Amino acid sequence: MKHLQFVLVLAIAVNVWECGDAKFGERGELSSRRRRCYDGSVPKRLKKRERKVLLDGGGASGEVCHRLYPRVSCCPTRRAAFQILHRRDARVFSTNNTECGRLLEEIKCARCSPNAQVLFHSLDTEKMPHREPDLPRLCQDFCRDFYYTCRGHIPELFQADVDEFCQYYGRRDGSLCFPDFQRKPLHGQDSNYLGDEKIEDIRKHKHNCYCAQEVLSGLRQPVAAVHCGDGSQRLFVLDREGIVRILTHDLVMLKEPFLDIHKLVQNGIKGGDERGLLSLAFHPNYKKNGKLYVSYTTNQERWAIGPHDHILRVVEYTVSRKNPNQVDMRTVRVLMEVAELHRKHLGGQLLFGPDGLLHIILGDGMITLDDMEEMDGLSDFTGSVLRVDVDTDCCSSPYSIPLNNPYFNSTNQPPEIFAHGLHDPGRCAVDQLQVDNGSLSILCTDNTGRNTTSGRILEISKGKDYENEPSVYNLQSNGGAPPVGGFIYRGCQSRRLYGSYVFGDKNGNLRILQKSSLSNGEEWQEKPLCLGSTTSCGTILAGNILGFGEDELGEVYILASSKTLTQLYGGKLYKLVDPKRPYTPKECHRTVEPPELLMTACSRHCKNGHCTPTGKCCCSPGWEGPLCRVAKCEPGCRNGGVCLEPNKCLCKSGYSGDMCESSERGMPNDQDRDGILGHIMDMTSYLLDLTSYIA
């Protein structure tokens, strides 16, 4: 009898315990001592026959869920009920991407988890009882993996950034999270997860370490690497001495340079001398108009005499019609020239914003007020960000002033100025994600003063004066090395680095700046970027950092040199790689388009002039007409002569002189006849080209 009473008491105690576990606690959390299904029922321990029903009757989802929860599950064993359970999530869990689909299939199975009630119920769902949660609480690593894999395939689900998304759907207060089973990585070349054969490599890397993989060596002093955005995935590497070379998508350096202006460029060989080829920017419509813009220092022509050390010049070039891998040197047009007194704090970077306007970033050149008075206003642009519109049909000016520039109607400031107060901008970057969203975000590294090496990060805004404007982030002094601006990583190879601003200093230290989700009010958080050793990465970054680069896929490159003299070939190009991911993940593959020849109507028919970025043919002096085929002779040919070349007439028989102003006797000779026939043929060709151009 005593034994029977003990059994009854024990049964009642167990029943009370199970019922209590199915209810919410004071904080809205479920007790984790007992597992419960989504509706509060007890999970069912599956028999072999029931497992077979789940495996054979549930389709693809049934097989996945059965393998994830093979013994204890909350999935109904009947086929119809199982299909209804998963059809409810079809609105959210739908994609054609294989990698994303695999993660979605796993998330679907969270309702089959024996811990489903803990995974889906929280304080948030209590506040919104009318809305059933789409996703379970996700573990942080899985949440970030899910965000970066599926954000481009289910955009309606990912309206926030990764930190906000995982803060909402992620685990809180150390509670249970999904996946609540042991995930087995998929082995293979394109897998995003490392298998057993790579476990040793993981141990060699710290959690936040990356690899700087050497891509190219034997450069003089590389300062930048940019792409042209035409789908060819070519990388254009700039050397300070005045040469631009092409690195193809399969990492082959072309023998012939894309641009060679070393005879025009005045570059320095001493430490701290910033003169040379400074920047290259391709027109947003480069694939159609072939326009590119270059900035460099020189000291030639009319500027040879004057109170200055050199000239910073911005010019426009057009790619060759016959070779897409070379620039047509005859198409040069000067946009702007700025006189400089000193060889430091030059700036000179060029970049296009999402509105198609060209931004020119200039340093203060270490110029004082006395220097500016001596130069008589020639340096009004120094320490400023200029914004101009190169898409103009005006043949007399290479650019126009945007109407919304802050000083468009000012009488005290040049209308080209967009912002000012910069000192030594060490490269700026446009956030490509913001560009896609239609807004503009430009981040620049800069010194905090004229005679200091302490740095700051600026977010360039219209009309701001950064002498007084607070910076986005103040950098800690690092051995007196000035900062070198980089790029906001928007590539595909590294998920951990996505959205981080990668930059460094000239001593070779790399850092990243990330938006912080902390509650102390700080928006940005600086972290050192750890690079792996030669043993784990194969190569190591060596030397001084000269600049950064970005390819068409958003991957970031580092340009460094172990030498200080430009005559020595110590420059190298490195690619920043996440060692915990494949070098080229499957989802990162993009089709390579071969570079196309320039085939616009203006480039084919404008013979004696130049084409504007909008396609208008602007005539050189001495020519006129829609296609610049008609020569001008001033004040005009006399005595019936015909103007064939500028200020040179073809005279009738009996007349001579440039304008046929002199008379002489005699019959027309063979040379006169050949000239007349040639003129008739030129006019015929001109009329045919004009008809084709108008059509």
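Just above sits the structure.
Let us look at the structure shown here. This is a predicted model, so every value here is computed, not measured.

What counts and how
Residues numbered from 1 in each chain as written. Predicted model: local features only at pLDDT ≥ 70, side-chain atom pairs only at ≥ 80, totals over all residues. Heavy atoms only, no water. Core = buried A, V, L, I, M, F, W, Y, C linked by side-chain atoms within 4.5 Å. Buried < 20%, exposed > 50% of the residue type's maximum accessible area, 1.4 Å probe, protein only. Helix = DSSP H or I, 4+ residues; strand = E, 2+ residues; numbered from the N terminus. Contact = heavy atoms within 4.5 Å. 1 Å grid on protein atoms, 1.4 Å probe; cavity = no way out; pocket = protein on both sides within 12 Å on 5 of 7 lines; lining within 4 Å. Points joined across faces, edges and corners; volume = space filled by probe spheres on them. Nonpolar A, V, L, I, M, F, W, Y, C, P; charged D, E, K, R; others polar. Pairing = 2+ DSSP bridges. Disulfide = S-S within 2.5 Å. Axes fitted to C-alpha atoms, helices over the stretch in contact; angles between N-to-C directions. Parallel < 35°, antiparallel > 145°, perpendicular 65-115°, else oblique. Left-handed = near helix turned anticlockwise from the far one by under 90°.

A separate point is the nonpolar core. Soluble, globular proteins show a tendency: their nonpolar side chains are buried together. With 32 residues, the main nonpolar core has Leu-135, Leu-138, Phe-142, Phe-146, Leu-157, Phe-165 and Phe-178 as its most contacted residues. Broken down by secondary-structure element, the contributors of at least two residues to this core are α3 (59-68), α5 (98-108), α6 (116-120), α8 (140-150) and α9 (162-169). Top contributing element to this core by residue count: α8, with six residues. Phe-178 has contacts with Tyr-69, Glu-106, Ile-107, Ala-110, Leu-119, Pro-136, Arg-137, Leu-138, Cys-139 and Phe-142, leaving out every residue within four places of it along the chain. Counting residues in hydrophobic clusters, the runner-up holds 27 residues, among them Ala-212, Ala-429, Leu-497 and Leu-513.

With that settled, consider empty space enclosed by the protein. Counted according to the given criterion, the structure contains four cavities of 30 Å³ or more. Quantified by volume, the second largest cavity comes out at close to 100 Å³. Asp-230, Arg-234, Tyr-286, Lys-287, Gly-290, Val-319, Pro-324, Pro-595, Glu-596, Leu-597 and Leu-598 together form the lining of the second largest cavity. Grouping the amino acids of the lining of the second largest cavity by side-chain chemistry returns six nonpolar, one polar and four charged.

Below, the discussion takes up the pairing of strand β20 (residues 483-488). Across the six residues that make up β20, a large majority, six, are buried. Pairing geometry for β20 and strand β21 (residues 501-505), over four bridges, is antiparallel. Counterpart to Ile-488 in the pairing with β21 is Tyr-501.

For the rest of this paragraph, the subject is α8. Within α8, eight of the 11 residues are buried, which leaves the element mostly enclosed by the surrounding structure. Where α8 is concerned, the buried positions are Phe-142, Cys-143, Asp-145, Phe-146, Tyr-147, Tyr-148, Thr-149 and Cys-150.

Time to look at the state of the cysteines. Per the counting criterion, the structure on display carries 13 disulfides. Between the sulfur atoms of Cys-211 and its disulfide mate Cys-537 the distance is 2.0 Å. The sign of the -75 degrees torsion about the S-S bond sets the Cys-211-Cys-537 disulfide as left-handed. With Cys-211 in strand β3 (residues 209-219) and Cys-537 in helix α14 (residues 534-537), this residue pair connects regions lying 326 residues apart in the sequence. The same class applies to Cys-211 as to Cys-537, namely buried. Through a disulfide, Cys-395 is tied to Cys-618; the S-S separation comes to 2.0 Å. Taking the sign of the torsion about the S-S bond as the criterion, the disulfide between Cys-395 and Cys-618, at about -75 degrees, is left-handed. Here Cys-395 is found in the loop between β14 (384-388) and β15 (417-420), whereas its partner Cys-618 is found in strand β29 (residues 617-619), with 223 residues between them in sequence.

As a further point, take the environment of Ser-175. Relative to the assigned elements, Ser-175 resides in the loop between α9 and α10 (199-204). Ser-175 sits in the buried class, given a relative accessible area of 14%.

What follows is about the packing of α8 against α9. For the pair α8 and α9, interaxial distance at closest approach is 10 Å and the crossing angle is 130 degrees. In terms of orientation, α8 and α9 fall into the oblique class. You can see that α8 and α9 cross each other, and the crossing is right-handed. Residue-level inspection shows Gln-140, Cys-143, Arg-144, Phe-146, Tyr-147 and Tyr-148 of α8 in contact with α9, the latter providing Val-162, Asp-163, Phe-165 and Cys-166. In the contact of α8 with α9, the residues fall into seven nonpolar, one polar and two charged.

What follows concerns the pairing of strand β18 (residues 455-460). Counting buried positions along β18 gives five out of six residues, so the element sits mostly inside the fold. In terms of strand pairing, strand β17 (residues 442-447) meets β18 through six bridges, oriented antiparallel. Looking at the pairing, Ile-442 lines up with Ile-460 of β18. Bridge count for β18 against strand β19 (residues 473-474) is two bridges, and the pairing is antiparallel. Of the residues in β19, the one forming a bridge with Arg-456 is Asn-474.

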